[in-house]
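Fold and contact review
Residues per chain are reported as follows:
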Amino acid sequence: DVVMTQTPLSLSVTPGQPASLSCKSSQSLLHSDGKTYLYWYLQKPGQSPQLLIFQVSSRFSGVPDRFSGSGSKTDFTLKISRVEADDVGVYYCMQGTHVPPYTFGQGTKLEIK
Amino acid sequence: EVQLVQSGAEVKKSGESLRISCKTSGYSFSTYWITWVRQTPGKGLEWLGRIDPSDSYTSYSPSVQGHVTISADRSISTVYLQWYSLAASDTAMYYCARIGGLYKYCTDGSCSVFGGYFDPWGQGTQVTVSS
């Protein structure tokens, strides 16, 4: 199975400042069809996870443009250009290239200073 | 509006059976696969399996293969996750989610299904198993 490793495990950010979250996979997520199936989810406190980014860098419907995804093969990054109070929660990356099984990272907890 | 509404919290004992449900609405049930994910404080999010409601084809994580069963009832647009013999280690929050953006690739008579983002998610069902 593909192992997804996220760093840091926790992050404390001042509102208005940027944040950068890393996700690394144990194998390249580039599929033979030329696409890379790497996703980002946010789980706000007390809620179910919600989709932010699909296929590395495409923002899902309704996701603010403060969120951006980048990366390739085994190294991926989620950036928040200006953190807001509503962004608190745990961010998970997930791979959908080598499935089944889908595998998630252990999560990065974002807190506001 | 697409909605996935899960059944309520359950408290069971080891060895008992259980079936939890995920009722969908707001779209054509057979068009999208459904997946189950569990969450525990110690192991984070763990994918359990998925089902194609059009033909009830399923695939499971090796970690739960043979321990859980996923099924679908097209007449009521509902997907189930079932255990025949619960263990204390099954204590977790269980989520269902619809899978969008799946891709299918067929070659030499066999097909693989990959990709797929999970959205929307159900509200979760807490399952507590005591030993």
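A brief report on the enclosed structure follows. Source: prediction; values computed, not measured.

Conventions used here
- Residues numbered from 1 in each chain as written.
- Chains lettered and ligands numbered in written order.
- Predicted model: local features only at pLDDT ≥ 70, side-chain atom pairs only at ≥ 80, totals over all residues.
- Heavy atoms only, no water.
- Disulfide = S-S within 2.5 Å.
- Helix = DSSP H or I, 4+ residues; strand = E, 2+ residues; numbered from the N terminus.
- Buried < 20%, exposed > 50% of the residue type's maximum accessible area, 1.4 Å probe, protein only.
- Contact = heavy atoms within 4.5 Å.

Residues and elements named next belong to chain B. Throughout the structure, instances matching the rule amount to three disulfides over all chains. Paired through a disulfide, Cys22 and Cys96 show a sulfur-sulfur distance of 2.1 Å. Residues Cys22 and Cys96 are joined by a disulfide whose S-S torsion is about 75°; by sign, that bridge is right-handed. Residue Cys22 is found in strand S3 (residues 18-25), and its partner Cys96 is found in strand S9 (residues 92-107); the two are separated by 74 residues along the sequence. Both residues of the pair, Cys22 and Cys96, count as buried. Shown here is the disulfide that connects Cys106 with Cys111, its sulfur atoms set 1.9 Å apart. Judged by the sign of its S-S torsion, about 105°, the bond between Cys106 and Cys111 is right-handed. When the cysteines engaged in disulfides are numbered in sequence order, chain B pairs them as 1-2, 3-4.

Right, let's get into the environment of Phe29 of chain B. Residues and elements named next belong to chain B. Examined against the element boundaries, Phe29 turns out to sit in the loop between S3 and strand S4 (33-40). Since its relative accessible area comes to 5%, Phe29 is described here as buried. Through-space distance from the C-alpha of Phe29 to that of Phe114 is 20 Å; in sequence the pair is 85 residues apart. Among all residues touching Phe29, those that are not within four sequence positions of it are Thr24, Pro53, Ala72, Asp73, Arg74, Ser77, Thr78 and Val79.

Note that all results are geometric; they support no functional claim without further evidence.
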